[in-house]
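# Structure at a glance
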Amino acid sequence: MVGYLLKRIGLMLLTLFIVISLTFFLMKLIPGSPFSAAAKLNETQRAIMAAKYGLDQPVPVQYLKYMTNVLQGDLGVSFQFSNTPVTELIAKRIGPSATLGLQAMIFGTIFGIILGVIAALRQNTWMDYGSTLVAVLGKSIPSFVFAAMLQYFIAVRLGWFPVAFWRGYEYSILPTIALAIFPISIAARFMRTEMIEVLSSDYIVLARAKGASSFEVAFKHALRNALIPVVTVLGPLAVSLITGSLVVERVFAIPGLGEQFVTSINVLDYPVIMGTTILFAALFIFVVLIVDILYSIIDPRIRLSGGEN
Amino acid sequence: MKKYSLLLAIMLVVSVFMSACYGGDSAEEQNENNEGNESGETASDVPQELRVMETSAIPAMDTILASDTISFTTMNNVFEGLYRLSADQEPVPALAEGEPEVNEEGTVYTFKIKEDAVWSNGDPVTANDFVYAWQRALNPDSGSSYGPYLMEGKIKGASEVYNDGAAPETLGAVAVDDKTLEVTLEKPVSYFVSLMAFPTFFPQNQAFVEEQGENYASNAATLVYNGPFVLDNWDGSTDGEWTYAKNTDYWDAENVALEKVTFNEVKDPQTAVNAYEAGEADITSKLSSALVPQYEDDPNMVSWLEPTVFWIKMNQTNEALQNINIRRALALSINKQALTDNILNNGSIPANYAVPKEFVTNPDTGEDFREANGDMLEYDLEAAKEAWAKGLEELGTDTVELRYLGGDTESAKLTDEFIADQLQQNLEGLTIKLESVPFSVRLDRDEALDYDLQFAGWGPDYLDPISFSDLWITDGGNNHMAFSSEKYDQLLKDAESTYANEPGKRFETLQEAERVLLEEEAAIIPVYQRQANILVNEKVKDFTYHFVGPEYSYFPVSIGE
Amino acid sequence: MVNPIKRIPKEMFEPKRVDESLAEKIEKPSLSFWQDAWLRVKKNKAAIVSVVVLTLLIIMALIGPYLSGHTVQQNVEHANLPPRIAAVADVSWLPFDGTLKNRDGAILTPYEDRQITESYWFGTDSLGRDLFTRLWLGVRISLFIAFLATAIDMVIGVSYGAISGYFGGRVDNIMQRIIEILSGIPNLVIVILLILILEPGILAITLALALTGWVTMARVVRGQVLKLKNQEFALASKTLGATDYRIIFKHLMPNMVGVIIVNMMFTIPSAIFFEAFLSFIGLGLKPPNASLGTLIEDGFRVMLLYPYMLIIPSIVISLLMVTFNLLGDGLRDALDPKMRD
């Protein structure tokens, strides 16, 4: 197990290296000038600015320099936020995004799994249709429309929660719900599918025949096996939360990473785009590792193998 | 193990719901408190606190590095330069003690600095603070973009310092003594004092800046202030919420009413309006055009015509667009009124000119720039078709295909679709290929002249028509459409040198240049002049906005009943 | 007296002659996999309704743009008209009477005010284009993008996942690393690059969606293959000398059809939504093309002023999603060999 983990971590670093290199070169293909005042500068002034940020050097030289800096934990300085180190930008903005993401992930998967289990246990009853409806609606309404509706009806009309901003716990509730609706529907759909499948398998029939209560059957015998495919979607789900956060942070005026990422793309702030990409990638690779480990814990039929043995 | 984690999960779900209830209660309490404030207290002890929404965080607080409106606005409120813009858009002395002495040629300005002006750390504001800031702005290593943009060609020696590495001391800005600043210009600049209200020209406390080094201006604590407010809570350029507190050391502190101003970054215009409606903020950011009609008759909507003009650039490296009749036909065939009434629908007005309305007035007569030239290139379908037919004949073809480079913002998208449709419907044989690209890509293609038609706009940085006129000089830094007219160049040269000290004559020359640009050359297609609309709570008194540079001043504002 | 036992004639005890040829006879008609599935889908009412609705939507996407009598020609004099259908204009609970409420609750009658006699069933947008026509054109483009992207997804994802999971070992390891690297780059970056490198439009978006979407499919399929390949039936056919190709596609695949279909039923709406999301951050389809996503996005901007511009396309997109999901469910139940009754 330890050897396997070490091997995986080595591979993670290699992956990260390739991701960084790939993103770096792709980024260089994007046309456009990163200086916000570019419209007003003449060619000479622009050339001097480019030299100041090292953008006049050949791409391989820039690449080597960037990689050396990354190894030392230096992600460069932002163009749009004059001279602010990217690491500092990320550090300051990650709080709200991480809070929202975690809350949405926990609330979303748990609620979704419960919904899916109920639907599967009471297949083709109103409870099944109800939970299907929730799951389907959660996926059917575009996230920005859903977020805006929540804001307008719950916050503006009813006044139950603050409309926007980020000043305390109550400010995170509506955004969390808006963000969680996607994990809820994904988890519920997958859970229902798997649960139904598992419930019809022989060992469940046997358990029932032996007189186990349906609660016991569902939670003690079926859930564990039905959870396996749900675990596989957790990774992509975590990434979808990143995409979702771009929308939700914008609608609820939350100073998070997602909003900053979109802005950076629009103004071509290379260092910030690169830095955020590296962070997202690292996060994703990490989640995949965790999922693989979880997989082996939940399903004993799958053995972690280091390749050769 | 398994049961335990299930329990944990249930507890988490429950706790989320419980916190949800908690959140609800406290929000209600807040609302009640707010209502209490509104009705219960009298005008005299209304808390002098204001809550404002901005569209972005503050990108920079180092005056020489800033290049965006939010930074400029903040600087305008926490720092101060020699001049300020008044509510009537006039430059008025601020740190300067009265008007400067100017030599006969209009090339040397001598400013006296107010004796009681101090930095918030107690240091007096000196002439050297200006010299230091300006020299820093022209040091290529500091990465200033507005420094060279505003100083080159105006302040003597600026170009040499920035481009050729001349010694900073050769710059034409000298501290004669602690409170006297002497500025030497390359040539007379009639609007020079209005430039002094622009944050790039603000002073910086040399000792403090050098002491902070790399950290200078990275957050509220590493800044020193000399304006009506200080930044009370600002955690650096990513902070989505920041506050001003009144600066008690400010020389005119007794005339500043507000104790505290809170700002929030809000990107979505609908969110801004929702927060305003819910009483969570007093002033919105500028409303998107879809929101304006909803507040048409609302007395709390403040609107003003901005001096920002949108036009279509015609790239004259394209063979068809070299033909004056083709250009004129294109310019005459767009129903601008329909565009502003139906699509923008936010009070913007059709532009039949290149220099905006209600922007500058003739220094001799006080007439608006627009009076003399009136409307040019007005929508005229008959004339457009006639010119089109003539142009096609001269080109010896009956079809023309043009690429139209548009913007990618929401209103730009609709505007582009409308204009493309108008051109194609009204001019037979014309095909428009619509291309929408992000802003930064558009700039690239603009520079490379990789377009036929391009929708673009321009907002000025200082109060002078030349900020629009010099865009179209042959090979000018922002021309980028291969437009070249000897007559136009000559008129601008006359205005800048021959009539440099005759403001009235200079003004008329620039008006003549505009006439040449549009009437004779049909070089661009002016489309519309934008109106700004924001919602301001009725309690807010003396709300003040500006046309150029910083957008708002908060020190005249007070909170009433 | 004892009742005489009824005599049973001897003939009745004649032994039945065993017909060897009938022993193998199958009484029920022979059903192929798909016929069998169809029989079971038919029992699922929700799935049948979904098929009908979906078919209607697809038919409308094909012929809808030609029904209203209006084209998408701009006409600013008819801009921002609310929906009006002459036949039901007097039915008060239907929102097709051509009126609008403003923020104060006052009722506006733009048709009468502007003296417009013709009716626009779903109203017009701010350029005066008929929204009924635009809506179905948008559905057409959205469906096209979604189907194409999903098809590419499925082909790449299933083969990749199956090969990776089945062969395991080094092959799996390398293929998984490639997946990790690909999915480690946030979708947005790839999408933006493609949109900037290719001509912005339908093709760029479809490609971007397909290139970033297949990874999920590959992961799910790999997971299933890992689970199934060591089960007895697979081992049995391996022992009997079946080729790898045969085992993957004949034995493992039918067991995964359910999961693949469920995944596809997520991919189709995902594709439609990712496209809508792209419009929201300014990277969507470029005008004059419209998709459901851009229509919703346009409506979203004027949500409170002209709610119909948001509500109608939102209803259609929700209908599409609901039907895809219910149909997916029905198919899943029907195709799963383990669910036979």
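Basis of the calculations
- Residues numbered from 1 in each chain as written.
- Chains lettered and ligands numbered in written order.
- Predicted model: local features only at pLDDT ≥ 70, side-chain atom pairs only at ≥ 80, totals over all residues.
- Heavy atoms only, no water.
- UniProt positions renumbered as here; feature names shortened; annotations may be inferred.
- Helix = DSSP H or I, 4+ residues; strand = E, 2+ residues; numbered from the N terminus.
- Buried < 20%, exposed > 50% of the residue type's maximum accessible area, 1.4 Å probe, protein only.
- Areas by Shrake-Rupley, 256 points an atom, 1.4 Å probe, with all protein chains shown as cover.
- Rg over C-alpha atoms; globule rule 2.2 N^0.38 Å.
- Lys, Arg positive; Asp, Glu negative; His and termini not counted.
- Charge placed at Lys NZ, Arg CZ, Asp CG, Glu CD.
- Pairing = 2+ DSSP bridges.
- Contact = heavy atoms within 4.5 Å.
- Axes fitted to C-alpha atoms, helices over the stretch in contact; angles between N-to-C directions.
- Patch = residues over 30% accessible without salt bridge, like charges linked within 9 Å, V, L, I, M, F, W, Y side chains within 5 Å.
- Salt bridge = Lys/Arg side-chain N within 4 Å of Asp/Glu carboxyl O.
- Phe/Tyr/Trp six-rings, centres within 6.5 Å; stacked < 30°, edge-to-face > 60°.
- Lys NZ or Arg CZ within 6 Å of the ring centre and 35° of its normal.
- Polar contact = N/O pair within 3.5 Å; in protein donor to acceptor, adjacent residues only side chain to side chain.
- Parallel < 35°, antiparallel > 145°, perpendicular 65-115°, else oblique.
- Left-handed = near helix turned anticlockwise from the far one by under 90°.
- Core = buried A, V, L, I, M, F, W, Y, C linked by side-chain atoms within 4.5 Å.
- Expected span 1.5 Å × (residues − 1).
- Bend = angle between axes of the 7 residues up to and from the residue.

Chain C appears in an unreviewed UniProt entry as Peptide ABC transporter permease from Jeotgalibacillus proteolyticus. Here is the UniProt Sequence similarities (unreviewed entry) comment for chain C, exactly as written: "Belongs to the binding-protein-dependent transport system permease family. OppBC subfamily." According to the UniProt record, the Subcellular location (unreviewed entry) comment for chain C is "Cell membrane".

Where an unreviewed UniProt entry is consulted, chain B appears under the name Peptide ABC transporter substrate-binding protein, with the organism given as Jeotgalibacillus proteolyticus. Regarding chain B, the UniProt comment filed under Subcellular location (unreviewed entry) reads as follows: "Cell envelope".

Moving on, we get to the overall build of chain C. When helices and strands are counted, chain C shows eleven helices and two strands. Sequence-ordered secondary structure for chain C, helices as α and strands as β, is α-α-β-β-α-α-α-α-α-α-α-α-α. Burial analysis of chain C (341 residues in total) assigns 53% to the buried set. Of the roughly 16,800 Å² that chain C leaves accessible, carbon and sulfur atoms contribute 65%.

For the rest of this paragraph, the subject is the overall build of chain B. Helix and strand counts for chain B come out as 17 helices and 20 strands. Taken over the C-alpha trace, chain B has a radius of gyration of 26 Å; the compact-globule value for 561 residues is 24 Å, and the two agree within 12%. Along the three orthogonal principal directions, the C-alpha set of chain B runs to about 80 × 70 × 55 Å. Among the 561 residues that make up chain B, the fraction classed as buried is 60%. If you sum the accessible surface of chain B, you get close to 21,400 Å²; carbon and sulfur atoms cover 46% of it. Charged side chains of chain B number 36 positive and 100 negative; the gap between the two group centres comes to 5 Å.

Let's shift gears to the UniProt feature "transmembrane region" (unreviewed entry) in chain C. Residues and elements named next belong to chain C. Mapped onto this numbering, the UniProt entry gives "transmembrane region" (unreviewed entry) at residues 46-67, 141-166, 256-285 and 305-328. Annotation note: span residues 46-67, helix share 82%, strand share 0%, distance between end C-alpha atoms 29 Å. Between the end C-alpha atoms of residues 305-328 there is a gap of 37 Å, over a span that is 88% helix and 0% strand.

Residue and element names in this part refer to chain B. Read across the open sheet, the four strands follow the order 4-5-7-6; overall the sheet is antiparallel. The open sheet is flanked by strand 4 (101-102) and strand 6 (173-177), the only strands paired with a single partner. In the sheet, strand 5 (residues 108-112) pairs with strand 7 (residues 180-184) via five bridges, with the strands oriented antiparallel. Paired with Thr 110 across the strands is Glu 182, a residue of strand 7. Strands strand 6 and strand 7 of the sheet are contacted by helix 3 (residues 127-137), whose axis makes an angle of about 165° with strand 6.

The next subject is the pairing of strand 14 (residues 430-436) of chain B. Residues and elements named next belong to chain B. For strand 14, the buried fraction is high: five of the seven residues fall into the buried class. Note that strand 13 (residues 400-406) and strand 14 share seven bridges and pair parallel. Paired with Val 400 across the bridge in strand 14 is Leu 430.

A word on a nonpolar patch on the surface. Residue and element names in this part refer to chain C. A cluster of nonpolar residues, Ile 58, Ile 59, Leu 62, Ile 63, Tyr 66, Leu 67 and Phe 147, forms a patch on the protein surface that exposes about 660 Å² of accessible area. Among the elements that take part in the nonpolar patch, helix 2 (residues 45-63) stands out by supplying four residues, more than any other. Assignment of secondary structure puts Leu 67 in the loop between helix 2 and strand 1 (100-101). Given a relative accessible area of 42%, Leu 67 falls into the partly exposed group.

Before going further, it helps to spend a moment on unusual backbone geometry. Residues other than glycine seldom take positive phi values, yet Phe 165 of chain A does so here, at roughly 80°. Along the chain, the position of Phe 165 of chain A falls in the loop between helix 6 (143-157) and helix 7 (173-199). Phi at Leu 449 of chain B is positive, roughly 55°, even though this residue is not glycine. Structurally, Leu 449 of chain B is set in the loop between helix 14 (439-447) and strand 15 (453-458). The exposure class assigned to Leu 449 of chain B is partly exposed, which follows from its relative accessible area of 27%.

Right, let's talk about the sheet that holds strand 14 of chain B for a bit. Residues and elements named next belong to chain B. Across the sheet, which stays open at both edges, the six strands sit in the order 12-16-11-15-13-14 with mixed pairing between neighbours. Of all the strands in the sheet, the pair left with one neighbour each is strand 12 (349-350) and strand 14. As paired elements, strand 11 (residues 301-314) and strand 15 share six bridges and run antiparallel to each other. Each residue of the ladder has a partner; that of Lys 313, found in strand 15, is Gln 454.

Turning to the packing of aromatic side chains, a few remarks are in order. Summed over the entire model, instances satisfying the criterion amount to 47 aromatic pairs over all chains. Ring centres 6.1 Å apart and planes at 20° place the aromatic pair Tyr 109 of chain B and Phe 111 of chain B in the stacked group. When the ring of Phe 132 of chain C is compared with that of Trp 136 of chain C, the centres are 6.1 Å apart and the planes differ by 75°; the resulting orientation is edge-to-face. Here Trp 136 of chain C and Phe 132 of chain C lie together in helix 4 (residues 131-167), a separation of four residues that amounts to about one turn. Each member of the pair, Phe 132 of chain C as well as Trp 136 of chain C, carries the same accessibility label: buried. Through successive ring pairs, a cluster of aromatic residues spans Phe 229, Trp 242, Tyr 244, Phe 263, Trp 304, Phe 543, Tyr 545, Tyr 552 and Tyr 554 of chain B. The side chain of Lys 114 of chain B reaches across the aromatic face of Trp 251 of chain B, ending 4.0 Å from its centre.

Turning our eyes to something else, we now look at the interface of chain B and chain C. On the side of chain C, 24 residues touch chain B, which itself brings 24 residues to the contact. Inspection of the chain B/chain C interface yields two salt bridges. Residue Asp 298 of chain C is joined to Lys 413 of chain B by a salt bridge in which the shortest nitrogen-to-oxygen separation is 3.7 Å. Linking chain B with chain C are three residue pairs in polar contact (both at pLDDT 80 or more).

On to the environment of Thr 73 of chain B. Residue and element names in this part refer to chain B. Tracing the backbone through its elements, the reader meets Thr 73 in helix 2 (residues 69-78). Between the alpha carbons of Thr 73 and Tyr 552 there is a distance of 5.9 Å; along the sequence they are 479 residues apart. Residues in contact with Thr 73, not counting those within four places in the same chain, are Glu 54, Tyr 244, Pro 550, Glu 551, Tyr 552 and Tyr 554.

It is worth spelling out the side chain of Asp 129 of chain B at this point. Residues and elements named next belong to chain B. Tracing the sequence through the fold places Asp 129 in helix 3. Lys 179 provides the closest opposite charge to the buried, unpaired Asp 129, separated from it by 7.4 Å. A polar contact is formed between the side chain of Asp 129 and the backbone nitrogen of Thr 126, at a distance of 2.9 Å. Apart from residues lying up to four places away in sequence, Asp 129 is in contact with Trp 119, Pro 124, Pro 203, Gln 204, Asn 205 and Gln 206.

This brings us to the packing of helix 5 (residues 126-140) of chain A against helix 7 of chain A. Residue and element names in this part refer to chain A. Axis separation between helix 5 and helix 7 bottoms out at 8 Å; the angle between their running directions is 135°. By the criterion of interaxial angle, the relationship of helix 5 to helix 7 is oblique. Like other packed secondary-structure pairs, helix 5 and helix 7 cross with a definite hand, here left-handed. Taken together, the residues of helix 7 that come into contact with helix 5 (itself represented by Asp 128, Thr 132, Ala 135, Gly 138 and Lys 139) are Ile 181, Phe 182, Ser 185, Ile 186, Ala 188, Arg 189 and Arg 192.

The subject of this paragraph is the nonpolar core. Counting residues in hydrophobic clusters, the biggest one holds 168 residues, and the most contacted among them are Phe 111, Trp 134 and Leu 330 of chain B. Here the element with the most residues in this core is helix 3 of chain B; it accounts for seven residues. Within the second largest apolar cluster, 133 residues are counted, among which are Val 230 of chain A together with Ile 190, Leu 285 and Leu 310 of chain C.

Our next topic: the pattern of salt bridges. Residue and element names in this part refer to chain B. Applying the stated criterion across every chain yields a total of 32 salt bridges over all chains. A salt bridge links Glu 435 to Arg 445; its shortest N-O distance comes to 2.6 Å. Placement of the pair is Glu 435 in strand 14 and Arg 445 in helix 14, with a sequence separation of ten residues. Residue classification places Glu 435 among the buried positions, given a relative accessible area of 15%.

Let us look at helix 4 (residues 86-121) of chain A. Helix length check: helix 4 of chain A (36 residues) gives 50 Å between terminal C-alpha atoms against 52 Å at 1.5 Å per residue, within 8%. Ile 94 of chain A marks where helix 4 of chain A bends most, by close to 45°; the proline Pro 96 of chain A follows one to four residues later.

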